[in-house]
Every structure is written in C-alpha cells, then in structure tokens.
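One-letter residues, chain by chain:
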Amino acid sequence: TQLLEQSPQFLSIQEGENLTVYCNSSSVFSSLQWYRQEPGEGPVLLVTVVTGGEVKKLKRLTFQFGDARKDSSLHITAAQPGDTGLYLCAGEAIGTASKLTFGTGTRLQVTL
Amino acid sequence: GAGVSQSPSNKVTEKGKDVELRCDPISGHTALYWYRQRLGQGLEFLIYFQGNSAPDKSGLPSDRFSAERTGESVSTLTIQRTQQEDSAVYLCASRLGRMNTEAFFGQGTRLTVV
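Remember, predicted model here, so these are calculated numbers, not experimental data. (Residues numbered from 1 in each chain as written. Chains lettered and ligands numbered in written order. Predicted model: local features only at pLDDT ≥ 70, side-chain atom pairs only at ≥ 80, totals over all residues. Heavy atoms only, no water.)

**Considering the sheet that holds strand E1 (residues 5-7) of chain B**
Residue and element names in this part refer to chain B.
In step 1: The antiparallel open sheet is built from 4 strands, whose spatial order is E1-E3-E7-E6. One side of each edge strand has no neighbouring strand; the edge strands of this open sheet are E1 and strand E6 (65-69). Strand after strand, the sheet turns through a mean of 15 degrees between neighbouring axes, direction not considered.
In step 2: Bridge count for E1 against strand E3 (residues 19-24) is 3 bridges, and the pairing is antiparallel. Residue Ser 5 lies in a different strand from E3, and its bridge partner there is Asp 24. (Pairing = 2+ DSSP bridges. Helix = DSSP H or I, 4+ residues; strand = E, 2+ residues; numbered from the N terminus. Axes fitted to C-alpha atoms, helices over the stretch in contact; angles between N-to-C directions.)

The following block contains the structure:
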C-alpha cells in the first residue's frame with residue numbers, strides 16, 4: 001500500500017490549459033515536498049510546504065498543503081511544453097523520523 | 001564533485017549474478033536514501049541511513065537486497081542472485097540530517113537483468 005497516492009496518474013494537455021495534480025494520504029505529514037523529474041535525471045525539488053493550509057506560488061505553479069496536513073495539490077496555470085515531466089510529491093509522515101516517502105507520480109505531457 | 005554521484009550509470013547482468021551499486025553523497029549530508037523506480041512509476045523507498053543510527057531497512061523487498069554506508073560517506077547497495085523483476089533504475093539521494101530539507105538525487109543506475 002502506497003503511503004502517498006497521486007492523481008491523475010497521467011495527464012496530456014495542450015499548451016495554455018490549466019491543470020491540478022493531487023497528493024493524498026491517510027497519514028499526517030510534518031511537511032510535503034513536490035519534485036519534478038525529467039527523463040534520465042533524478043527528481044529536483046520544486047517546493048516544500050510545512051504549515052497546514054499553506055499556499056506557495058512559484059511563477060505559474062501554485063502549491064497547497066491541506067489543513068490537516070494529509071494532502072497537497074499542485075496547480076499549473078497556462079501550461080507550457082517545458083512543464084512536461086513526472087511530478088512527485090514526497091513527505092515525512094509523523095513518527096517516521098525523517099524517512100522520506102514518495103508518491104505514485106503524475107506524468108504530465110504538454111503539447112503545442 | 002558538488003552533487004550526488006552514482007556508479008555505474010548502466011548495468012546489464014545475467015539472472016542469478018550479484019551486483020553492487022555505488023552512491024557518493026554530497027559532503028556533509030548525514031542522511032542517505034536508496035529508491036527503486038520502475039519505468040514510468042514513482043519512487044519506491046528501499047533504505048535510509050541517518051548518521052550513525054541504525055538504518056531503516058523497512059523498504060528492502062527481500063533478503064537478496066542489502067546496503068551499507070561507511071560513516072557519512074559512500075554507500076553501496078548490493079543485490080544478490082538478481083532476478084528479472086529487479087530491473088529498474090536505482091536512485092540515491094542525500095540531504096542534511098534535518099527534517100523538511102531538500103533531497104538531492106544522483107542520476108541513478110539503470111539495472112537490466114537478462
């Protein structure tokens with residue numbers, strides 16, 4: 001059983017469209033992180049959210065941490081082909097002593 | 001180097017052989033993680049080292065898998081008697097030993113068992 005479930009698993013959209021990716025768990029997390037991975041590379045950190053209800057913006061990307069710290073979302077406005085990649089949420093569940101667990105992943109493809 | 005280094009980058013091995021994968025973390029990073037990634041999927045946690053504490057081995061899929069870390073430096077992941085289902089990319093990450101910090105990844109070792 002995966003600790004962090006992401007949806008959708010795969011998303012193919014056209015340039016300019018908006019999208020939201022969800023990361024859900026039944027466990028409480030001290031923080032959640034979002035990473036993006038491109039083919040042949042390791043994941044790279046986009047953002048860390050720490051406080052329940054927190055919203056962070058990174059250019060066209062908006063990240064939210066749920067009030068109960070069990071879920072998070074990533075919203076992309078006006079997607080561009082450069083946003084294509086595998087998006088992964090990750091976190092340390094309370095009581096797991098910095099064991100960093102990753103989600104199931106969302107593969108995004110943005111076409112012209 | 002400044003980043004996490006993994007070797008080899010690619011490994012093709014015959015079923016039943018043993019393989020050893022190496023990870024050089026960023027200097028000063030006390031935490032080191034190994035993950036397995038099957039094609040197009042997320043990262044499956046394998047093992048976690050934090051300083052001199054006993055490693056968290058809860059993600060190792062079978063007793064054919066083992067890992068060691070020398071102090072706060074190099075780590076090796078060993079897979080004995082490889083099976084075709086072991087084929088995947090094995091990723092190593094290191095981070096400072098504090099919560100909520102960024103994990104830095106190597107480029108991974110692509111293992112193919114034939």
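**Things to note about the confidence of the model for chain A**
In step 1: Averaged over every residue, the pLDDT of chain A is 94; the share at 70 or more is 98%.
In step 2: Confidence, expressed as mean pLDDT per element, reaches its minimum in chain A at strand E10 (residues 101-102) of chain A with 94 and its maximum at strand E8 (residues 71-76) of chain A with 98. (pLDDT = per-residue confidence, 0-100.)

**A word on the state of the cysteines**
In step 1: Throughout the structure, instances matching the rule amount to 2 disulfides over all chains.
In step 2: Shown here is the disulfide that connects Cys 23 of chain A with Cys 89 of chain A, its sulfur atoms set 2.1 Å apart. Taking the sign of the S-S torsion, 75 degrees for the link of Cys 23 of chain A and Cys 89 of chain A, the bridge is right-handed. Taken together, the residues span a long stretch of sequence, with Cys 23 of chain A in strand E3 (residues 19-24) and Cys 89 of chain A in strand E9 (residues 85-93) at a distance of 66 residues. Across the pair, Cys 89 of chain A and Cys 23 of chain A agree in class, each one buried.
In step 3: Residue Cys 23 of chain B pairs covalently with Cys 92 of chain B via a disulfide, S to S 1.9 Å. In this structure the cystine formed by Cys 23 of chain B and Cys 92 of chain B twists about its S-S bond by roughly -65 degrees; its chirality is therefore left-handed. Remark: Cys 92 of chain B occurs in strand E8 (residues 88-95) and Cys 23 of chain B occurs in strand E3; sequence separation between them is 69 residues. (Disulfide = S-S within 2.5 Å. Buried < 20%, exposed > 50% of the residue type's maximum accessible area, 1.4 Å probe, protein only.)

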